[in-house]
Amino acid sequence: MKRFFQPVEKDGSLKKKPALTTSSSPSKPEEKEEQNGESVVVTEEKRDPLKFISWNANSFLLRVKNNWPEFTKFIATFDPDVIAIQEVRMPAAGSKGGHKIQGEVKDDTNSSREEKQTLMRALSSPPFRNYQVWWSLADSKYAGTALFVKKCCQPKKVTFSLDQTASKKHEPDGRVILAEFESFRVLNTYVPNNGWKDEENSFQRRRKWDKRVLEFVLRSSDKPLIWCGDLNVSHTEFDPGFTLNERKRFSTILSEGKLVDAYRSLHEEKDMHSGFSWSGNPIGRYRGKRMRIDYFLVSETLKDRIVSCEMQVHGIELEGFFGSDHCPVTLELSQKTSIDSAES
């Protein structure tokens, strides 16, 4: 990371010395450090993200209330540039029956104000205060997504729909956040459930979704894609719990969209006992199902840059879920090389 320093006088004003570089955009994140006994302004050069986390939190507010110290430690240790959250389950701002502001958390009742204050306090503490957050929320405590991006990796554009021409439109239930960076796009999705039946006409909502996603991927081929989230599908023969039709549609999206399953590209034969992201509900018919339904899919042009992609579950006690029924999935890419730049 390049850093640019400009000395600061003891009264807080800048010394009138020439900057070490002409790149001094005021939009770049700044902080103060001690250099040779002087306080200096540190400006970080904007860059594309390299480290990512995707996590279905199964109610983000509950995780803040019940599991925040452990999750905070995990974030501080892995130090991601992007955190993609699904199933935040916080309602959008707006009165009952009135217009909803899907990018803002509800705060027009005493209970919702208290919940929002709890959330904001958590996010104003390190390491989360180093990130800017975007929300895409449902009208009620259902579904929803969030995207945290380090301030030194700010995207060029953020939209909330698979239809990129409608920049202010949010997908129903807040299921999409799309961030465009200099060299790739990041798509965070909470995908509708497939169900468990394999009839040709079952779960029409999901079939329509898969069709729209394929159209989006093909339409967006001008720039590499990193697609992450709870995709609600099991892909290969090592990922049980699928139906044949959903696997076929998912495979079509990957093949026609030239996308690579980052985890499977590194762990070709890891079965669900050592490579799963969903533990099943603690009670009821899905207890212990253990499926891999949370993913990082990357364009084939990014495949050689995959350093790691891991499920963050540990041991038989399912450590690493932080209170959710999903564990985080991490992805790390290597730096873009001059060869990559030439090919782009």
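Residues numbered from 1 in each chain as written. Predicted model: local features only at pLDDT ≥ 70, side-chain atom pairs only at ≥ 80, totals over all residues. Heavy atoms only, no water.

With respect to the sheet that holds strand β4 (residues 51-56)
Here's step 1: As summarised here, the arrangement of the 6 strands in space is β8-β9-β5-β4-β17-β16, forming an open sheet in which the pairing is mixed. Both outer strands of the open sheet, β8 (131-136) and β16 (306-311), are each paired with one neighbouring strand and no more. The average angle at which neighbouring strand axes cross in this sheet is 10°, direction not considered.
Here's step 2: Relative to strand β5 (residues 82-86), β4 runs parallel, the two being bridged by 5 bridges. Looking at the pairing, F52 lines up with V82 of β5.
Here's step 3: Contacts from helix α2 (residues 68-78) reach β4, β5, β8 and β17 (329-333) within the one sheet, and its direction differs from that of β4 by about 160°. (Pairing = 2+ DSSP bridges. Helix = DSSP H or I, 4+ residues; strand = E, 2+ residues; numbered from the N terminus. Axes fitted to C-alpha atoms, helices over the stretch in contact; angles between N-to-C directions. Contact = heavy atoms within 4.5 Å.)

So, the nonpolar core
The nonpolar side chains of soluble globular proteins are, as a tendency, buried together.
Here's step 1: Counting residues in each nonpolar core, the largest one holds 34 residues, and the members touching the most others are F52, F184, I226, F296, L331 and L333.
Here's step 2: Those elements that provide at least two residues to this core are β5, β9 (145-150), β11 (176-180), β13 (225-230), α6 (262-266), β15 (294-299), β16 and β17.
Here's step 3: By size, the runner-up hydrophobic cluster in this structure holds 27 residues, among which are I53, W135, L137 and F148. (Core = buried A, V, L, I, M, F, W, Y, C linked by side-chain atoms within 4.5 Å. Buried < 20%, exposed > 50% of the residue type's maximum accessible area, 1.4 Å probe, protein only.)

Overview of the sheet that holds strand β12 (residues 185-190)
Here's step 1: Strand order in this open sheet of 6 strands is β10-β11-β12-β13-β15-β14, and the pairing throughout is mixed. A single partner strand is all that each edge strand has here, and the edge strands are β10 (157-159) and β14 (259-261). Between one strand axis and the next, the sheet turns by 15° as a mean value, whatever way the strands run.
Here's step 2: As judged from the 3 bridges shared by β10 and β11, these two strands associate in the antiparallel manner. Bridge assignment links T159 to a residue of β11, and that residue is L178.

Digging into the pattern of salt bridges
Here's step 1: Taken as a whole and judged by the stated rule, the model has 16 salt bridges.
Here's step 2: When the shortest N-O distance is used, the salt bridge between R47 and D81 registers 2.9 Å. Pair noted here: R47 is in the loop between β3 (38-44) and β4 and D81 is in the loop between α2 and β5, with a separation of 34 residues, a long-range link.
Here's step 3: Overall, the relative accessible area of 24% leaves R47 in the partly exposed class.
Here's step 4: Under the relative-accessibility criterion, D81 is labelled buried at 3%.
Here's step 5: In this structure, D210 engages R206 in a salt bridge whose closest nitrogen and oxygen atoms are separated by 2.9 Å. Of the two residues, D210 and R206 are both situated in helix α4 (residues 204-219); the distance of 4 residues between them amounts to about one turn of the helix. You'll find D210 and R206 in the same group, each marked buried.
Here's step 6: Beyond isolated ion pairs, a larger network of salt bridges with shared partners links R47, D79, D81 and K150. (Salt bridge = Lys/Arg side-chain N within 4 Å of Asp/Glu carboxyl O.)

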